[in-house]
Amino acid sequence: MRPIFGFAASFALATPLLLAGCGGEGDIPQSLPSIPTTGSLAAVDAQAKDGKEKRKVVTPETVIDKKGVPKNVKEEEKGGEALSGPSPAEYLWQISNEKLIKDEPFTPVIPRGLQALTLNVYVPPANPLTKGKVELGKQLYFEPRISLDGTVSCASCHNPEKGWTDNAPVATGIDGQKGGRSAPTVLNTAYGKTMFWDGRAPSLEGQSQGPPQNPIEMGKQTYKQIVERLRGISGYREQFQKVFGTDVTLDGMAKAIAAFERATALSGNSKYDKYQSGDMNALSDSEKRGMVLFGLRLSGDDDFKTNVVLKKADCTSCHVGFNFTDEQFHNLGIGWDPEKKDFKDRGRWSVTPIGARWDKEIGAFKTPTVRDIARTAPYMHDGSLKTLEEVVEHYNKGGHPNPYLDKDIKKLNLTDQEKADVVAFMKALTGEIIKVPLPKLPAGPDGQTPNPASALTFSAAKPAFHLVESR
Ligand code: HEC
Ligand code: HEC
């Protein structure tokens, strides 16, 4: 069993008990073909158990506490009765009725320079990309009705028009609470090994189910309320049946949103990628010098000569590979408070379980991609650096001194021209713009269809999602 930090782990803990109790139709309206629950996991569980054995069963009163431990469960002998009636598990997920599924595989166009979204490598086998799922995920991504007051969607803070972020230093949470962290771009998170600045979520699926799980973040609403609200929108119920063969569930929401992000939020085909695939004129002289300083060799086909020192800026120690990240956690001294001799936010350390922590993780954050970096200012986990010039200056002076500074952060002695070259190279990593036209959202029970654009002009003091999670 994984240690508890964040939702993914608590879900894993809660699951075995939840399985034992699911099964009822609950309050699913009957206007659509209902999903038979006889084949549900509850029944499977019941069959698998010895009749004499007492089992813990989830009841309608069951609540899952912050640690993911269900309270108000009751003990039952094996039998059918306990399996009927609404159960929290019904909102989390349901076993699918394959006959209802009407969807087809989806192969996204991968921009030049990025790897194919191979199943089992970048796409979890439990969540293959399908056409209807990606379309459903797009609607949910732009859906303000997921938030308590109907004003905030994922796109509020991760707007495709703003490099899939919000261009604000830090995002603002519920009741105007300032989150300490900047909204990272969703671009190329398809290739990410962990999610969040501290890596506490294991996957896009793990990330996207986190927000609705945390009542504090969602403006004191529960996943049950969210799922019930979406079940009130027949357009969503129909799509969930076609895509998953279930009613609206949290599991399906997480999968659809992740599939949309994975297939759409891709940044490649930059000037650098064109150069790499043989166009020696795609990069300017300054960009080429910057590339060499950054840590990458010139192409063997390039006649360009320069005497800048390869790897002088040493960025590829961490921003490495096709997505320019080692997926590791490093301390650059960002957010160090010299008076308190501590970090405002300890980052990776805070989500590492007791017993597994080491000092090196204090103030360490995930190396972000530098693809499309010109579009995603301001920079760093706290949004404290406004421009790429400031970022390069930060590295040039050797970061902020602190006891846990990464060994690869040291004074660089770059000339002004060299600093400008490194910035120029990073700008050459700006990807081709993939337009994401806003989806048409399904009409609600009131017949109203919200305009997804309304949530894009997001201002402070609105309910937010996972800003204060597990810290
Ligand atoms: C109020 C602003 C806000 C909203 C709304 C929001 N996010 Fe975020 N998102 C953030 C912040 C801030 C972080 C970084 C938090 C951290 O690292 O602790 C983040 C992190 C992420 C990440 C991790 C990216 C990475 O590189 O690690 C993904 C993916 C993401 N959000 C997707 C979503 C989705 C999907 C939704 C809707 C369900 C959503 N966000 C809603 C602000 C927001
Ligand atoms: C020791 C590893 C390491 C090295 C070397 C390194 N980086 Fe970083 N980079 C990181 C980490 C980690 C972060 C996020 C740090 C934080 O927010 O606290 C980051 C953040 C950034 C950001 C901001 C990204 C964003 O989305 O906010 C840019 C731009 C950047 N680095 C460019 C560079 C350049 C240019 C170099 C070379 C001069 C370089 N990095 C060298 C690890 C490294």
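Just so it is clear, the model here is predicted, and its values are computed rather than measured. (Residues numbered from 1 in each chain as written. Chains lettered and ligands numbered in written order. Predicted model: local features only at pLDDT ≥ 70, side-chain atom pairs only at ≥ 80, totals over all residues. Heavy atoms only, no water.)

Looking at the coordination of the iron atom of ligand 2
Coordination of the iron atom of ligand 2 by the protein comes from His319 (NE2) and Tyr395 (OH), over a distance range of 1.8 to 2.0 Å. Note that the iron atom of ligand 2 binds six donor atoms; their angles at the metal cover 86 to 179 degrees, and the shape is octahedral. Taken together, the positions of His319 in the loop between helix 12 (285-294) and strand 3 (329-330) and Tyr395 in helix 14 (residues 388-396) put the pair 76 residues apart, joining distant regions of the chain. (Donors = N, O, S within 2.8 Å, 3.2 Å for Na, K, Ca; no water. Tetrahedral: all angles 85-135°; square planar, octahedral: opposite > 155°, others 65-115°. Helix = DSSP H or I, 4+ residues; strand = E, 2+ residues; numbered from the N terminus.)

So, helix 15 (residues 416-427)
Counted at 1.5 Å a residue, the expected span for helix 15 with its twelve residues is 16 Å, and the 17 Å between its end C-alpha atoms agrees. Three or more residues of helix 15 are buried, namely Glu418, Lys419, Asp421, Val422, Val423, Ala424, Phe425 and Met426. Looking at the buried residues of helix 15, the elements they touch are helix 11 (271-276), helix 12 and helix 14. (Expected span 1.5 Å × (residues − 1). Buried < 20%, exposed > 50% of the residue type's maximum accessible area, 1.4 Å probe, protein only. Contact = heavy atoms within 4.5 Å.)

Brief notes about the site of ligand 2
In the vicinity of ligand 2 lie 27 residues, with Cys315, Cys318, His319, His381 and Tyr395 positioned nearest. Contacts to ligand 2 include His381, whose backbone N or O atom sits 2.7 Å from an oxygen atom. The set of elements that each furnish at least two residues to the shell around ligand 2 consists of strand 6 (365-366), helix 14 and helix 15. The greatest single-element share of the shell around ligand 2, amounting to three residues, is contributed by helix 14. (Near = heavy atom within 4 Å. Polar contact = N/O pair within 3.5 Å; in protein donor to acceptor, adjacent residues only side chain to side chain.)

What to know about the confidence of the model for the chain
In the predicted model, the chain carries a mean pLDDT of 80, and 74% of its residues have values of at least 70. Note that pLDDT drops below 50 for residues 1-53; the model gives that stretch 115 contacts with residues more than four away or on any other chain. Counted against residues more than four places away or in other chains, residues 460-471, with its pLDDT under 50, gives 49 contacts. (pLDDT = per-residue confidence, 0-100.)

Examining the side chain of Arg145
With respect to the helices and strands, Arg145 occurs in the loop between helix 4 (131-141) and helix 5 (154-157). You can call Arg145 buried: its relative accessible area is 14%. Separated by 2.7 Å, the side chain of Arg145 and the backbone oxygen of Pro442 make a polar contact. Residues in contact with Arg145, not counting those within four places in the same chain, are Gly150, Arg229, Ile233, Tyr236, Leu441, Pro442, Ala443, Gly444, Gln448 and Pro450.

Focus on the environment of Ser208
Turning to its location among the elements, Ser208 is positioned in helix 6 (residues 204-208). Assessed through its relative accessible area of 8%, Ser208 is described here as buried. As a C-alpha pair, Ser208 and Lys255 span 47 residues in sequence and 8.0 Å in three-dimensional space. Look past the residues within four positions of Ser208 in its chain and what remains in contact with it is Ala254, Ile257 and Ala258.

Quick word on the nonpolar core
Side chains that are nonpolar tend, in soluble globular proteins, to be buried together. In this structure, Leu117, Leu136, Leu140, Tyr141, Trp164, Tyr236 and Met253 are the most contacted members of the largest nonpolar core, which totals 42 residues. The element best represented in this core is helix 10 (residues 250-264), accounting for seven residues. The residue makeup of this core includes at least three contributed by each of domain 1 (7-95) and domain 2 (99-266 + 434-455). With near-sequence residues (within four places) excluded, Leu117 lies in contact with Pro108, Ile110, Tyr122, Val123, Leu129, Ala190, Tyr191, Arg262, Ala263 and Leu266. (Core = buried A, V, L, I, M, F, W, Y, C linked by side-chain atoms within 4.5 Å. Domains from an automatic or database assignment.)

Some remarks on the packing of aromatic side chains
One pass over the full model with this rule turns up 14 aromatic pairs. For the pair Tyr141 and Phe142, a centre-to-centre distance of 5.4 Å together with 70 degrees between the ring planes defines the contact as edge-to-face. Judged by its relative accessible area of 0%, Tyr141 is buried. Pairing Tyr141 with Phe260 gives two aromatic rings, centres 5.2 Å apart and planes at 55 degrees, and the pair type is tilted. Of this pair, Tyr141 sits in helix 4 while Phe260 sits in helix 10, placing them 119 residues apart in sequence. Take Tyr141 and Phe260: they sit in the same class, and that class is buried. The rings of Tyr141, Phe142, Trp164 and Phe260 are connected pair by pair, giving a single aromatic cluster. Sitting over the ring of Phe196, Arg200 keeps its end group 3.8 Å from the ring centre. Between the NZ or CZ atom of Arg346 and the centre of the ring of Trp349, over which it lies, the distance is 4.6 Å. (Phe/Tyr/Trp six-rings, centres within 6.5 Å; stacked < 30°, edge-to-face > 60°. Lys NZ or Arg CZ within 6 Å of the ring centre and 35° of its normal.)

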